[in-house]
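So the chains spell out like this:
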Amino acid sequence: MEISENTVVGLTYELKVTNNEEDSIPFSVEVRDEEDPFYFVFGNSGLPEKFERLLENKVAGNTFNFTLSIEEAYGHADEELILTVPKKQFTGEKGFEPEMLEEGNFLPLIDEDGYPMQAKVIKDLGEELLLDFNHPLVGMNLHFDGEVYKVRKATKEETEKGYIEVN
């Protein structure tokens, strides 16, 4: 089966990133192998459009190797997504441990619609935390080298929700 609208796609790959500096060397940030492939619903994934377009019509066993520029991937940082939030919102009752609030950590959060998201702790300001809600790969060129592991038709629920029920 070919990768097309409303198919579930499983990928194995290595993702390396670079910034736009001339001497930037690709740095590996994620490896997804057959033990833990990356799955998404094609056409309803929230992934960069060009990422999906470059995988379209491939079948299981096809390999891929491509780079998405910053503009094609997650763009440049949006200063409006860097916010101060009262530290008291991150209590033990809500599942947050004190070490989770340390600078550099990513906090697992849920938006007002119930969707998972994350924010990076930029700075502890005492009573507040400076959080960055930009995508973790913002400002990076993404270099993918991988293989299409699996392709199947998405279920009706997967298509509607945009997430995978069963791998």
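This section reports on the structure supplied with the text. Since this is a predicted model, take the numbers as computed values, not measurements.

To continue, consider the pairing of strand 1 (residues 7–18). A large share of strand 1 lies buried, amounting to 10 of its 12 residues. Where strand 1 and strand 3 (residues 38–41) come together, four bridges link them in antiparallel fashion. Of the residues in strand 3, the one forming a bridge with Leu 11 is Phe 38. Sheet topology places strand 1 next to strand 2 (residues 27–32); five bridges connect them, and they run antiparallel.

In this section: the side chain of Glu 52. Of note, Glu 52 is situated in helix 1 (residues 49–55). Buried charged residue Glu 52 carries no salt bridge. Nearest counter-charge: Arg 53, at 9.2 Å. Dropping the residues within four chain positions of it, Glu 52 is found in contact with Phe 40, Val 41, Phe 42, Gly 43, Asn 44 and Ser 45.

Turning our eyes to something else, we now look at the sheet that holds strand 5 (residues 82–86). Across the sheet, four strands lie side by side as 5-8-7-6; this open sheet has antiparallel pairing. With partners counted over all chains shown, the strands left at the sheet margins are strand 5 and strand 6 (106–110), one partner each. Sheet twist, expressed as the mean angle between neighbouring strand axes with direction ignored, is 45°. Pairing analysis gives four bridges linking strand 7 (residues 116–124) to strand 8 (residues 128–132), with the strands arranged antiparallel. The residue of strand 8 that forms the bridge with Lys 120 is Asp 132.

With that settled, consider the pattern of salt bridges. Overall, the coordinates contain seven salt bridges when judged by the stated rule. Of the charged contacts, one joins Glu 30 and Arg 32 as a salt bridge, the two residues approaching to 3.3 Å between their closest N and O atoms. Measuring nitrogen to oxygen at the nearest pair gives 2.8 Å for the salt bridge that ties Lys 50 to Glu 72. With Lys 50 in helix 1 and Glu 72 in the loop between strand 4 (63–68) and strand 5, the pair connects residues that are 22 residues apart, well separated along the chain. Look at the salt bridges and you will find they share partners, linking Glu 30, Arg 32 and Asp 36 into a network.

Rules used throughout
Residues numbered from 1 in each chain as written. Predicted model: local features only at pLDDT ≥ 70, side-chain atom pairs only at ≥ 80, totals over all residues. Heavy atoms only, no water. Buried < 20%, exposed > 50% of the residue type's maximum accessible area, 1.4 Å probe, protein only. Helix = DSSP H or I, 4+ residues; strand = E, 2+ residues; numbered from the N terminus. Pairing = 2+ DSSP bridges. Lys, Arg positive; Asp, Glu negative; His and termini not counted. Salt bridge = Lys/Arg side-chain N within 4 Å of Asp/Glu carboxyl O. Contact = heavy atoms within 4.5 Å. Axes fitted to C-alpha atoms, helices over the stretch in contact; angles between N-to-C directions.

Read these as spatial facts, not as claims about activity.
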